[in-house]
Amino acid sequence: MGNVTYKDGTHNTGVTVIKPTQDNIFREKIPAAAHVINGFGKSTGLVQIKELGTLETPIVLTNTFAVGTAETALVKAMMAQNPEIGVTTGTVNPVIMECNDGDINAIRDIFITENDINQALQATGSTFEEGTVGAGVGMSCYDLKGGIGSASRTIDIDRKTFTMGAWCFQITVSYGTSTYTTNPLGQNLPRSKRLKKDKENGSIITILATDIPFNSRQLTRISKRASVGITRTGAFIGNGSGEIVLAFSTANRISHGPQTELTTQAAISDDKIDRYFRMTVSVVEEAVLSVLTHATTITDRKGQPRQSLRDAINAYLDEQPDADLERLKTQLGI
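How each quantity is defined
- Residues numbered from 1 in each chain as written.
- Predicted model: local features only at pLDDT ≥ 70, side-chain atom pairs only at ≥ 80, totals over all residues.
- Heavy atoms only, no water.
- Core = buried A, V, L, I, M, F, W, Y, C linked by side-chain atoms within 4.5 Å.
- Buried < 20%, exposed > 50% of the residue type's maximum accessible area, 1.4 Å probe, protein only.
- Pairing = 2+ DSSP bridges.
- Helix = DSSP H or I, 4+ residues; strand = E, 2+ residues; numbered from the N terminus.
- Axes fitted to C-alpha atoms, helices over the stretch in contact; angles between N-to-C directions.
- Contact = heavy atoms within 4.5 Å.
- Arc of directions from axis to C-beta.
- Polar contact = N/O pair within 3.5 Å; in protein donor to acceptor, adjacent residues only side chain to side chain.
- Phe/Tyr/Trp six-rings, centres within 6.5 Å; stacked < 30°, edge-to-face > 60°.
- Lys NZ or Arg CZ within 6 Å of the ring centre and 35° of its normal.

Visitor: I'd like to hear about the nonpolar core, residue by residue, with values.
Guide: Counting residues in each nonpolar core, the largest one holds 43 residues, and the members touching the most others are Leu55, Ile59, Met97 and Ile207. Counting 36 residues, the second largest nonpolar core, distinct from the first, contains Ile212, Ile230, Ala247 and Val291.

What follows is the structure in structure tokens.
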């Protein structure tokens, strides 16, 4: 993952790039699937993924009005790496996914440039930050500061260890009523220090990444279970919410120019897939909570603080000097 971050009070936005493999992903594609839980979104590339079941570019996350810029920059980067694109072979399917950060960021300025996309592409690595970074800078989550969060699980299959991970890029404006704001502590968090919205009017982009050998059909089934993890944290998925899931597996490669008509891919038996469904739900739920625990307070484009969960809790404790800390930990589930 690679990030470019802007936090200057007016332009609170950024770019996050996920590079699934170190190989040339256009020439050696990977199985993928996209699932739209509620389609209030402006992502690109999902139609071809749903049709062909392959991913052939890195994934760019950014704000809604930067989608066009990101698409152009990613196409140029892929053409530079693969000079045959558009000449001796077909075009390329760039994948851009977005959330609207206009409540915190001056989104109408269309601030993100192609150079920002290129910098994020070049910055990708195996370690990454979470919280108020990259595309997550302008996000809110359950009336508090949002951002980017992740979680992962390992699992043994036939004496080999595999990993499934989730990245959640969320959430704009207001998103449901979280388990944090419905428990006794959450109900007492200072109302003046956090948003109060009546509608669920936000978005969440979920990326599921694994080296478990799933085919694209199975990845579609896996991606559908992400909604369970999201709703466990308190959302009900409203009319104006954009919930989109992209899942991919690095276990198999699909050549852009196969030498034979017959190909073979390893895959998990469908009779054994339930435990992977459970794992999906678990990592998505934890990734959402990771957003809240890693986010930091920021000043929005109107000069108002968008408070993190940590700072909201500290403010509550300041107002409750005699609070029973052990009881509060129990209420928070920590």
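Once the structure has been displayed, the description carries forward.
Visitor: Could you give an account of the sheet that holds strand 5 (residues 59–63), with specific residues and numbers?
Guide: The strand order 1-2-5-6 describes an open sheet built from four strands, whose pairing is mixed. Edge positions in the sheet fall to strand 1 (2–7) and strand 6 (95–99), since each of these pairs with one other strand and no more. When the angles between neighbouring strand axes are averaged without regard to direction, this sheet yields 15 degrees. Bridging between strand 5 and strand 6 involves five bridges; their strand directions are parallel. If you follow Asn63 over to strand 6, its bridge partner there is Cys99. Contacts from helix 2 (residues 67–81) reach strand 5 and strand 6 within the one sheet, and its direction differs from that of strand 6 by about 160 degrees.

Visitor: Explain helix 6 (residues 216–224) to me, and be specific about the residues and the numbers.
Guide: Every α-helix carries 3.6 residues per turn, so stepping three or four residues along brings you back to the same face. For helix 6, the complete set of buried residues consists of Gln218, Leu219, Ile222 and Ser223. All buried residues of helix 6 fall inside an arc of 140 degrees around its axis, so they share one side. The opening residue of helix 6, the one whose side-chain oxygen lies 3.2 Å from the backbone nitrogen of Arg217, is Asn215.

Visitor: Give a detailed account of the packing of aromatic side chains, specifying residues and quantitative values.
Guide: Throughout the structure, instances matching the rule amount to three aromatic pairs. Summarising the aromatic geometry, the rings of Tyr6 and Phe111 are spaced 4.8 Å apart at their centres and angled 85 degrees between planes, so their arrangement reads as edge-to-face. Residue Tyr6 is located in strand 1, and its partner Phe111 is located in the loop between strand 6 and helix 3 (114–122); the two are separated by 105 residues in the primary sequence. When the centroid spacing of 5.4 Å and the interplanar angle of 85 degrees are considered together, the rings of Phe214 and Tyr276 count as edge-to-face. One end of the pair, Phe214, is in the loop between strand 11 (203–210) and helix 6; the other, Tyr276, is in helix 8 (residues 274–294), with 62 residues separating them in the sequence. The two residues Phe214 and Tyr276 agree in class, both being buried. Here the basic side chain of Lys29 rests over the ring of Phe26, its NZ or CZ set 4.1 Å away from the ring centre.

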